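# Remarks on the overall topology
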Amino acid sequence: QMLALEYLVVVRTCADAPPCFSSCREAESFKEQGNAYYAKKDYNEAYNYYTKAIDTCPNNASYYGNRAATLMMLGRFREALGDAQQSVRLDDSFVRGHLREGKCHLSLGNAMAASRCFQRVLELDHKNTQAQQELKNASTVLEYEKIAEADFEKRDFRKVVFCMDRALEFAPACHRFKILKAECLALLGRYPEAQSVASDILRMDSTNADALYVRGLCLYYEDCIEKAVQFFVQALRMAPDHEKACLACRNAKALKAKKEDGNKAFKEGNYKLAYELYTEALGIDPNNIKTNAKLYCNRGTVNSKLRKLEEAIDDCTNAVKLDETYIKAYLRRAQCYMDTEQYEDAVRDYEKVYQTEKTKEHKQLLKNAQMELKKSKRKDYYKILGVDKNASEDEIKKAYRKRALMHHPDRHSGASAEVQKEEEKKFKEVGEAFTILSDPKKKARYDSGQDLEEDGLNMGDFDANNIFKAFFGGPGGFSFEGRWRCPAAGFGSGKCTDCFTQQQRFPSFAVLVEKSTLLLESLQTSGVVGLHAALHKLSALSWC
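Residues numbered from 1 in each chain as written. Predicted model: local features only at pLDDT ≥ 70, side-chain atom pairs only at ≥ 80, totals over all residues. Heavy atoms only, no water.

Per an unreviewed UniProt entry, the protein carries the name DnaJ homolog subfamily C member 7 and comes from Chrysolophus pictus.

Structure representation (structure tokens):
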């Protein structure tokens, strides 16, 4: 009788079962063994013994409650939720059952259901501090959900990730929170983290459409479009109405087709069509950073082929803004900088490339850019003479003759002091340029970027007049001063280019002009002009 009274509580919970003291004793024994293993943190063995207890006495609320606690420790919250719900169905006043059900709901991300469970506990025991704390936790999760939803609409993905991290501290088994976090990580370009989260979910549930979508999204944003489409299709098989997977699949196929068409047009030399196709592709999905970076670089290559170098630079700049590790875009932009003589920018890009990939080719490109930069900081003698860098010796001489006569100080003796000073400077630079470019050895050193002053050539001591006299020849060289005046220009002022040119070609012409001037001093200006024209005509007939 005493033994029967000891197990009366157990028997009372088995409403439809006839009293069986031996089975109740056996079930209780299993429960005690389960408790022992639970205390040792051997949750798998504890689970086995609680299951045996339930099998022996299936209508006991505490057995289900204990097994629910064990499943929670094993991280199997969905199974634990079923046991906790069964325990409170058997005994609605079972406080621990309601607490465990609430914690399972909260761990799975259902904060509303969790709140109802904790409120029921407080109805049964209004002083229950654990229920009070868990109710606050549920409210916190609901608040983070609300903030994350608003921030996702604002595309503030970093804040969404922050909110989901905080919510997952209370709801570690919530796939919904994990999926949202993974999607935002993908949109932020943090693909390895996003893939890790999605893969963890797929290991537990290979048919999870949301996880399949996120996995595909990561591949899509990493420019692995074909593989991405496979995941999107698989997600749509699991959930045909999955809007995000449907949209992503459509964008991926369209992007792949446009990019391939653009590549084909480029290879065929149809640069205008390639430009249009790459531009259309860029409008498909602004979130696909890596693919768009490649599209910008491809379009930059097209622009460089079309000699639209500034536009090419802009496209490459957009590419590296999207992907700072995109070496090809840096190389393309650097070449465009070289072509537009923006050497400092070219050096900066080549340095970036060489720091990332220390190859011989990149080292040589950097060296070439540095040499061009050094050369650009010197005087450009080719530009001063107005000749190409591949100009012949005769072309250099002709250019010097033209520029030297154009800027000779005597030609500008009647100009203002400021103009005279500027022309004198240009005259000296012309002579300096001719000195270097007319000497094969000096020209070679100049072209290679060597410092000519380091080679012993001090341009500061340079005398342009000596070069001028040596070039034009004659005793003391040619001078504008005193040897002749053009009567048509008025006596003592101005010079006549035509007369000067004739004097170079035919020295006797200068003598003729000088003698004519003596005869014309008493004539009026109109007469001088007339005779001057006659002299020009005479010279043309006599010497041309």
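Still more ground to cover, so stick around.
Looking only at helices and strands, the protein features 29 helices and zero strands. Within the protein, the fraction of its 544 residues that count as buried is 42%. Within the protein, residue pairs in contact and separated by at least 24 positions form 53% of the contacts whose partners lie at least 6 positions apart. Of the accessible surface of the protein, which amounts to about 29,800 Å², a share of 50% is contributed by carbon and sulfur atoms. (Helix = DSSP H or I, 4+ residues; strand = E, 2+ residues; numbered from the N terminus. Buried < 20%, exposed > 50% of the residue type's maximum accessible area, 1.4 Å probe, protein only. Contact = heavy atoms within 4.5 Å. Areas by Shrake-Rupley, 256 points an atom, 1.4 Å probe, with all protein chains shown as cover.)

Here the focus is the pattern of salt bridges. Opposite charge on two side chains allows them to pair when their charged atoms are near. Scanning the model with the defined rule gives 26 salt bridges in all. Of the charged contacts in the structure, one is a salt bridge between R190 and E193, with a shortest N-O distance of 2.9 Å. Judged by relative accessible area, which is 37%, E193 ranks as partly exposed. A single network of salt bridges, built from pairs that share partners, joins D92, R120 and E123. (Salt bridge = Lys/Arg side-chain N within 4 Å of Asp/Glu carboxyl O.)

On to helix α17 (residues 289-305), then. The α-helix advances 3.6 residues per turn, and as a result positions three or four apart in sequence lie on the same side. Under the 1.5 Å per step criterion, the end-to-end length of α17 is 24 Å for 17 residues, consistent within 8% with the ideal 24 Å. Counting buried positions along α17 gives twelve out of 17 residues, so the element sits mostly inside the fold. Along α17, the residues that are buried comprise T291, N292, A293, L295, C297, N298, R299, G300, T301, V302, N303 and S304. Of the surrounding secondary structure, the elements contacted by the buried residues of α17 are α13 (209-221), α14 (225-238), α15 (243-267), α16 (271-282), α18 (309-322) and α19 (327-339). Of the residues trailing α17, R307 is marked for its positive phi of about 65°. (Expected span 1.5 Å × (residues − 1).)

Our next topic: the UniProt feature "repeat: TPR" (unreviewed entry) in the protein. Per the UniProt record, "repeat: TPR" (unreviewed entry) is found at residues 27-60, 209-242, 255-288, 293-326 and 327-360. Between the end C-alpha atoms of residues 27-60 there is a gap of 10 Å, over a span that is 79% helix and 0% strand. Within the segment residues 327-360, helix and strand shares are 82% and 0% respectively, and the terminal C-alpha atoms sit 15 Å apart. (UniProt positions renumbered as here; feature names shortened; annotations may be inferred.)

What follows covers the packing of aromatic side chains. This structure, assessed with the given rule, holds twelve aromatic pairs. Both rings, one in Y220 and one in Y221, keep their centres 5.2 Å apart while their planes meet at 35°; by these two values the pair is tilted. What makes Y220 buried here is its relative accessible area of 1%. On the basis of an interplanar angle of 20° and a centroid distance of 4.4 Å, the ring pair of Y400 and F434 is categorised as stacked. Of this pair, Y400 sits in helix α23 (residues 393-407) while F434 sits in helix α24 (residues 417-437), placing them 34 residues apart in sequence. (Phe/Tyr/Trp six-rings, centres within 6.5 Å; stacked < 30°, edge-to-face > 60°.)

This paragraph deals with unusual backbone geometry. Located in the positive-phi region is K41, a residue other than glycine, with phi close to 65°. Considering the arrangement of structural elements, one finds K41 in the loop between α3 (21-39) and α4 (43-56). Notably, R155 is not glycine yet its phi reads approximately 65°, a positive angle. As for its placement among the helices and strands, R155 is situated in the loop between α9 (129-153) and α10 (157-170).

Our focus in this paragraph is the environment of R332. Position of R332 relative to the elements: it lies in helix α19. In the structure, R332 is positioned 31 residues away from T301 in sequence and 7.2 Å away in space, judged by C-alpha atoms. Discounting residues that sit within four places of it in the chain, R332 has contacts with T301, S304 and C316. Here the side chain of R332 touches T301 through a polar contact of 3.4 Å, side chain to side chain. (Polar contact = N/O pair within 3.5 Å; in protein donor to acceptor, adjacent residues only side chain to side chain.)

Turning to the nonpolar core, a few remarks are in order. In globular proteins that are soluble, nonpolar side chains generally tend to be buried together. With 62 residues, the main nonpolar core has M164, F177, Y213, V214, Y220, Y221 and F232 as its most contacted residues. For this core, the element with the most residues is α13, which contributes nine residues. Setting aside chain neighbours within four positions, we find M164 in contact with Y144, A148, F177, L180 and K181. Membership of the second largest hydrophobic core comes to 17 residues, among which are L385, V387, Y400 and F434. (Core = buried A, V, L, I, M, F, W, Y, C linked by side-chain atoms within 4.5 Å.)

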